[in-house]
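Topology and contacts: notes
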Amino acid sequence: MKKWYDEEYEWEIEVTGFLRSDHTERYCRNGEEIGDTYTCTYGCPVNKEGQGICSKVMMMMFPIMEAVRSGGDLENIGGNSKYSKEIVCPDGCVMFRMSAKKLGNENFYKGKFFE
């Protein structure tokens with residue numbers, strides 16, 4: 001891999017709770033635990049052990065991330081703030097808080113990288 005672009009946003013995703021349990025065994029296939037955190041810019045989120053986030057929840061997060069990358073405000077879709085939103089995994093098990101931090105780099109499409 002040869003990353004050549006400094007992304008505009010960094011994401012932190014934190015496991016904030018479970019809907020119908022208080023433990024992960026026999027509940028969440030990915031083994032999420034409250035307090036687990038994942039980070040990423042454009043790639044898929046990984047934790048400090050290098051393990052990736054559940055692929056099902058990534059399908060939900062990607063459109064939300066793209067909304068922020070294109071100038072959107074997450075409050076318009078039920079977020080806590082412009083750059084933060086709570087979501088529940090597609091299996092209805094794990095609750096996550098996703099938060100973006102603007103890094104100050106140019107937007108991928110407006111930065112004239114293709115000229």
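Notes on the structure in this doc start here. The structure presented is a predicted model; accordingly, all values stated were derived computationally and were not measured.

A short note on the pairing of strand S1 (residues 9-18)
The side chains of a regular strand alternate, residue by residue, between the two faces of the sheet. Relative to strand S4 (residues 94-102), S1 runs antiparallel, the two being bridged by nine bridges. Counted as the bridge partner of Phe 18 is Val 94 from S4. Summarising the sheet, S1 and strand S2 (residues 37-40) pair through four bridges and their orientation is antiparallel. Bridged to Glu 12 within S2 is Thr 39.

Some points on the nonpolar core
One recurring pattern in soluble globular proteins: nonpolar side chains tend to sit buried together. Of all hydrophobic cores here, the largest spans 24 residues; its most connected members are Trp 11, Ile 13, Ile 53, Met 61, Val 94, Phe 96 and Met 98. Broken down by secondary-structure element, the contributors of at least two residues to this core are S1, S2, helix H1 (55-69) and S4. With six residues, H1 is the largest single contributor of residues to this core. When neighbours within four sequence positions are excluded, Met 61 is seen to be in contact with Ile 13, Pro 45, Ile 53, Ile 87 and Met 98.

Side note on the packing of aromatic side chains
Per the stated rule, a full pass over the model turns up seven aromatic pairs. When the centroid spacing of 6.0 Å and the interplanar angle of 55 degrees are considered together, the rings of Trp 4 and Tyr 5 count as tilted. Among the residues examined, Trp 4 registers a relative accessible area of 55% and is labelled exposed. Residue classification places Tyr 5 among the buried residues on the basis of a relative accessible area of 5%. Ring geometry for Phe 108 and Tyr 109: centres 4.9 Å apart, planes at 90 degrees, overall edge-to-face. For Phe 108, a relative accessible area of 24% corresponds to the partly exposed category. Among the aromatic side chains, those forming a connected cluster through ring pairs are Trp 4, Tyr 5, Phe 108 and Tyr 109.

Focus on a nonpolar patch on the surface
A contiguous nonpolar surface patch, about 560 Å² in accessible area, is contributed by Trp 4, Tyr 109, Phe 113 and Phe 114. Looking at the element boundaries, Phe 114 is found in the segment after S4.

Reading guide: rules and limits
Residues numbered from 1 in each chain as written. Predicted model: local features only at pLDDT ≥ 70, side-chain atom pairs only at ≥ 80, totals over all residues. Heavy atoms only, no water. Pairing = 2+ DSSP bridges. Helix = DSSP H or I, 4+ residues; strand = E, 2+ residues; numbered from the N terminus. Core = buried A, V, L, I, M, F, W, Y, C linked by side-chain atoms within 4.5 Å. Buried < 20%, exposed > 50% of the residue type's maximum accessible area, 1.4 Å probe, protein only. Contact = heavy atoms within 4.5 Å. Phe/Tyr/Trp six-rings, centres within 6.5 Å; stacked < 30°, edge-to-face > 60°. Patch = residues over 30% accessible without salt bridge, like charges linked within 9 Å, V, L, I, M, F, W, Y side chains within 5 Å. Areas by Shrake-Rupley, 256 points an atom, 1.4 Å probe, with all protein chains shown as cover. Salt bridge = Lys/Arg side-chain N within 4 Å of Asp/Glu carboxyl O.

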